[in-house]
Amino acid sequence: MNQILVVVIGLAGTGKSEVGKRLAKLLSAAYLDKDTLSRGFVEDLLGAHGCPAYDRESETYLVKVRPHEYRQMMLAAMENLECGQNVVVCAPFIAESQDTEWFEALEDDVDVHGAEVRVVWVRSDEEAMQRYISDRNAERDRWKRLHWDRYLSGVQWDRPPVWPHDLIDNSVANADRAPVAQIREVASSWGF
């Protein structure tokens, strides 16, 4: 099996970090989570622009901060591929999930290292997402918690990526199929 870059995508509260960590363990891969890598500088940049630390919805965040956050994560991923590591990156990738040109450029970047891209979409239903976001009570989710209906209406929460992907369904309605079993099935289908 060639080296792989696994892109784990999904909205806040779908369980993508848990899925990403489990995949990284199964694949003996480097694990790069957007929030772990960038929360500190993101909050500083937001503050420098006069925005609250929890802002992830404003135009300031989307235009002036988010591009740097994602770029740095992907540079770290490419550097790990260059060092011969399998890599799992974990972030919402909301805009990118609908952009075939972004995905094709990613495939080209990864191909330079002799690696392949695999995408895992972690889907969840509204009830599970809201419960998870409420339970974790993270400051970065503050706006979402306070404006839940507005948040959901703005993100098209159940829209799959336009690129080829595997699905992990972490919905309340799918509770009989544990995410761990689904993760093993996905990894097995890749030859791991």
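Cut-off values and rules
Residues numbered from 1 in each chain as written. Predicted model: local features only at pLDDT ≥ 70, side-chain atom pairs only at ≥ 80, totals over all residues. Heavy atoms only, no water. Phe/Tyr/Trp six-rings, centres within 6.5 Å; stacked < 30°, edge-to-face > 60°. Helix = DSSP H or I, 4+ residues; strand = E, 2+ residues; numbered from the N terminus. Buried < 20%, exposed > 50% of the residue type's maximum accessible area, 1.4 Å probe, protein only. Lys NZ or Arg CZ within 6 Å of the ring centre and 35° of its normal. Contact = heavy atoms within 4.5 Å. Polar contact = N/O pair within 3.5 Å; in protein donor to acceptor, adjacent residues only side chain to side chain.

A. Structural view of the packing of aromatic side chains. All chains considered together, the criterion is met by four aromatic pairs. Between Trp 102 and Trp 163 the ring centres are 5.5 Å apart and the planes differ by 25°, which places this aromatic pair in the stacked class. Of this pair, Trp 102 sits in helix α4 (residues 100-111) while Trp 163 is found in the loop between α7 (148-155) and β5 (166-169), placing the two residues 61 residues apart along the sequence. Assessed through its relative accessible area of 23%, Trp 102 is described here as partly exposed. With centroids separated by 4.9 Å and ring planes inclined at 10°, the aromatic side chains of Phe 103 and Trp 163 adopt a geometry described as stacked. Placement of Phe 103 in helix α4 and of Trp 163 in the loop between α7 and β5 is noted, with a sequence separation of 60 residues between them. By relative accessible area, which is 6% here, Phe 103 ends up buried. Here the guanidinium or amino end of Arg 66 rests over the ring plane of Tyr 70, the centre of that ring lying 3.9 Å away.

B. Fine view of the environment of Trp 163. According to the relative accessible area criterion, Trp 163 is buried, its value standing at 2%. For the pair Trp 163 and Asp 141, spaced 22 residues apart in the sequence, the C-alpha separation amounts to 27 Å. With residues up to four places along the chain from it excluded, the contact list for Trp 163 reads Ile 9, Glu 96, Ser 97, Asp 99, Thr 100, Trp 102, Phe 103 and Val 119. There is a polar contact of 3.3 Å between the side chain of Trp 163 and the backbone oxygen of Asp 99.

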